[in-house]
Amino acid sequence: MLSVLRVHLPSDIPIVGCELTPYVLLRRPDKTVTTDDVPESAPIDGHFLRYKWYRIQSDRKVAVCSVHPSEQATLQCLGCVKAKIPVAKSYHCSPKCFSDAWQHHRVLHDRAASAVNENGNEEEELFGRFNSSGSGVINASLSGSASSPSLTNGAAPLYPAAVAQRSGGETWFEVGRSKTYTPTADDIGHVLKFECVVVDAETKLPVGHPSTLLTSRVIPAPSPSPRRLIPVNGAEVMGHLDSDGRISSSGTFTVLSYNILSDVYATSETYSYCPSWALSWPYRRQNLLREIVGYRADIVCLQEVQNDHYEEFFAPELDKHGYQALYKRKTNEVYNGNTHTIDGCATFFRRDRFSHVKKYEVEFNKAAQSLTDAILPTTQKKNALNRLVKDNVALIVVLEAKFSNQGADNPGKRQLLCVANTHVNVHQDLKDVKLWQVHTLLKGLEKIAASADIPMLVCGDFNSVPGSAPHALLAMGKVDAVHPELTVDPLTILRPYSKLTHQLPLVSAYSSFARMGVGLGMEQQRRRMDPTTNEPLFTHCTRDFIGTLDYIFYTADSLTLNFVASLDLDVETSGFVNGEENSEAREADG
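Residues numbered from 1 in each chain as written. Predicted model: local features only at pLDDT ≥ 70, side-chain atom pairs only at ≥ 80, totals over all residues. Heavy atoms only, no water.

> Just to check I follow, could you spell out the nonpolar core for this structure?
Generally speaking, nonpolar side chains in soluble globular proteins are found buried as a group. Within the largest apolar cluster, 41 residues are counted, with the highest numbers of intra-cluster contacts made by Leu445 and Val458. Those elements giving two or more residues to this core turn out to be α8 (364-375), α9 (378-388), β19 (393-401), β20 (416-423), α10 (431-451), β21 (456-461), α11 (469-476) and β27 (550-555). A total of eight residues in this core trace back to one element, the largest contributor, which is α10. Setting aside its immediate chain neighbours within four residues, Leu445 contacts Ile396, Cys418, Ala420, Met456, Val458 and Leu504. Residues Val255, Cys301, Ala509 and Ala565 belong to the second largest nonpolar core, which totals 28 residues. (Core = buried A, V, L, I, M, F, W, Y, C linked by side-chain atoms within 4.5 Å. Buried < 20%, exposed > 50% of the residue type's maximum accessible area, 1.4 Å probe, protein only. Helix = DSSP H or I, 4+ residues; strand = E, 2+ residues; numbered from the N terminus. Contact = heavy atoms within 4.5 Å.)

Shown next as structure tokens:
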């Protein structure tokens, strides 16, 4: 007979908005073991599985810390309550927690003093509806939950809400009837119970005892600090906010670049300082999607997008928000895992702003093969390929704008834009490979530029700090022959050094801060810049490394930078939230 051997959850802490899908191990009548579902529509040997989820509500209410959501709150910032900031953000688990978070927390007060939080409704849904009496308890009455006429969660049909049982000050409410359950704001602070039982298909009665598990208390989904666009050189007069809250004007568009950290790399071994729930893909994908969509960028360049996540999540989800998607998966000569989990570069653009003209795929492995065939003897090819073949790729797309800033002297002229999106090799001991990959990409872009008068954006994770040889090549158009990184060239692929040039007039977007005049918040932004390189102090922040690796370059002869995203995070207050790096957002004028 069908039997349940084991049930458990990948993460023991449930989060609002993140699907919970238990791992259910079954033994079939033929003694084989499987994790496949057995629904009522397809019973095995006359039996199927029935699932139920319960919310356990006690008479004792619990508030959750806004900084450490797995901890119970012990104090509340009354300034947040008075300023009508989402109340969930006012709770802290200890005086030290509040003190440590003050530098970031006070920004909420400053913004609330000047304007109503534009994300108020969303924040309420994500963090839960708390009371604002200053008592530090959740305003979630039992009667409010029980009075709902019907419930639905996952793929389960509608059904009446029911009290499962009440005992010792606890009330169990049935909240779901499918294997998967997505916690809501009403679940915050409460324990969930999952129940799985074998059912006789004919009598519809349970067979044997149900297998159950209890979760930790549901926590709210932390949201990233909102970022704003800062005008560059008086650009604030050039655009206006449209109905979606995006800054728009004729010929103006916004760009976002973001390494989102592939799930296969988000391991507890690598990020041992992160709680397991923060590393879980169900949490990260919802948080990433919310952040990416929140920027409302016209062009989105993502790196480390896992192949199956692109197909099953990002492409369909961003399609709902009006984006068309293009993708280039990494090659897998080196990668020996499942091809579904290999990552790549994904570029999205708003269908109402751009149309797709052409797509180029750059495979550095193929370029390595061509290079070794051309310059190296056969006896040296194997060692050379072992060093050069790293599976990295670049995705280049040519878009046509559906808006125009052309004057009467250029009637009907097509406005094209070339967008390159790449992720350069990560290994720090392969500086020659990094530089060679960047040089190869730029030479390809030069060929495109030679064939058409076209503005260009070069976005991505270059795994190269400001002042490195790859950064110098991108920003300066050449690498000084005495640059120390040129000493690492065992294959002599970088020589003669005079060839390490390009003719594209590329400028790094954040370097525009150096040309800004004095303005509101400008000095604060400059403090987050490196004065020697004019780049942000960091775009990548982990326990082992803090620095800038990610860039957006643009051709300054054909594009004008209007706005850059504020650098609202400090090293002291930043932490792993969504991806490997912080995102970069820009607005440019074509």
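> How should I be thinking about the sheet that holds strand β22 (residues 506-508) in this particular structure?
Sheet strands associate in pairs through backbone hydrogen bonding, adopting either a parallel or an antiparallel arrangement. Strand order in this open sheet of six strands is β18-β19-β20-β21-β27-β22, and the pairing throughout is mixed. Of all strands in the sheet, those bounded by a partner on one side alone are β18 (354-363) and β22. This sheet shows a mean twist of 20° between the axes of neighbouring strands, independent of strand direction. Strands β18, β19 and β20 of the sheet are contacted by α8, whose axis makes an angle of about 45° with β18. Along the sheet, α10 makes contact with β18, β19, β20, β21 and β22, crossing β21 at roughly 160°. (Pairing = 2+ DSSP bridges. Axes fitted to C-alpha atoms, helices over the stretch in contact; angles between N-to-C directions.)

> How should the side chain of Asp308 be read in this particular structure?
Within the secondary structure, Asp308 is located in helix α7 (residues 307-320). For Asp308, which is buried and forms no salt bridge, the nearest opposite charge comes from Arg285, at a distance of 9.2 Å. Excluding residues within four positions of it along the chain, Asp308 makes contact with Phe313, His340 and Thr341. (Lys, Arg positive; Asp, Glu negative; His and termini not counted. Salt bridge = Lys/Arg side-chain N within 4 Å of Asp/Glu carboxyl O.)

> It is not clear to me how the pattern of salt bridges should be interpreted in this structure. Could you clarify?
Close approach of charged atoms allows side chains of opposite charge to pair. Inspection of the entire model under this criterion finds 21 salt bridges. Two residues, Asp489 and Arg495, come together in a salt bridge whose shortest N-O distance is 3.5 Å. Connected through salt bridges with shared partners, the residues Lys328, Lys359, Glu361, Glu363 and Lys366 form a single ionic network.

> What exactly am I supposed to notice about the packing of aromatic side chains here?
Enumeration according to the criterion identifies 17 aromatic pairs in this entry. With centroids separated by 6.3 Å and ring planes inclined at 45°, the aromatic side chains of Tyr310 and Phe348 adopt a geometry described as tilted. Taken together, the residues span a long stretch of sequence, with Tyr310 in helix α7 and Phe348 in strand β17 (residues 343-350) at a distance of 38 residues. The same class applies to Tyr310 as to Phe348, namely buried. (Phe/Tyr/Trp six-rings, centres within 6.5 Å; stacked < 30°, edge-to-face > 60°.)

> Looking at this model, I keep getting lost on the environment of Pro536. Mind explaining?
Topologically, Pro536 is positioned in strand β24 (residues 535-536). When residues no more than four places from it in sequence are discounted, the contact partners of Pro536 are Tyr510, Arg528, Met529, Asp530, Thr548 and Leu567.

> Where do I start with the confidence of the model for the protein in this structure?
In this model, the protein carries a mean pLDDT of 81, and residues with pLDDT of at least 70 account for 79%. Predicted confidence for residues 117-152 stays below pLDDT 50, and this span has 77 contacts to residues more than four positions away or in other chains. When the criterion is pLDDT under 50, residues 571-582 qualifies, and its contacts beyond four places in sequence or with other chains add up to 48 contacts. (pLDDT = per-residue confidence, 0-100.)

> Help me understand the packing of α8 against α9 in this model?
Each packed pair of helices is defined by two parameters, the angle between the axes and the distance between the axes. Contact pair α8 / α9: the axes reach a minimum separation of 10 Å and the direction vectors enclose 155°. In this view, α8 runs roughly antiparallel relative to α9, as classed from their interaxial angle. Taken as a pair, α8 and α9 cross one another with a handedness that is right-handed. Seen from α8, the contacting residues are Asn365, Ala368, Gln369, Leu371, Thr372 and Asp373; seen from α9, they are Lys381, Ala384, Leu385 and Leu388. (Parallel < 35°, antiparallel > 145°, perpendicular 65-115°, else oblique. Left-handed = near helix turned anticlockwise from the far one by under 90°.)

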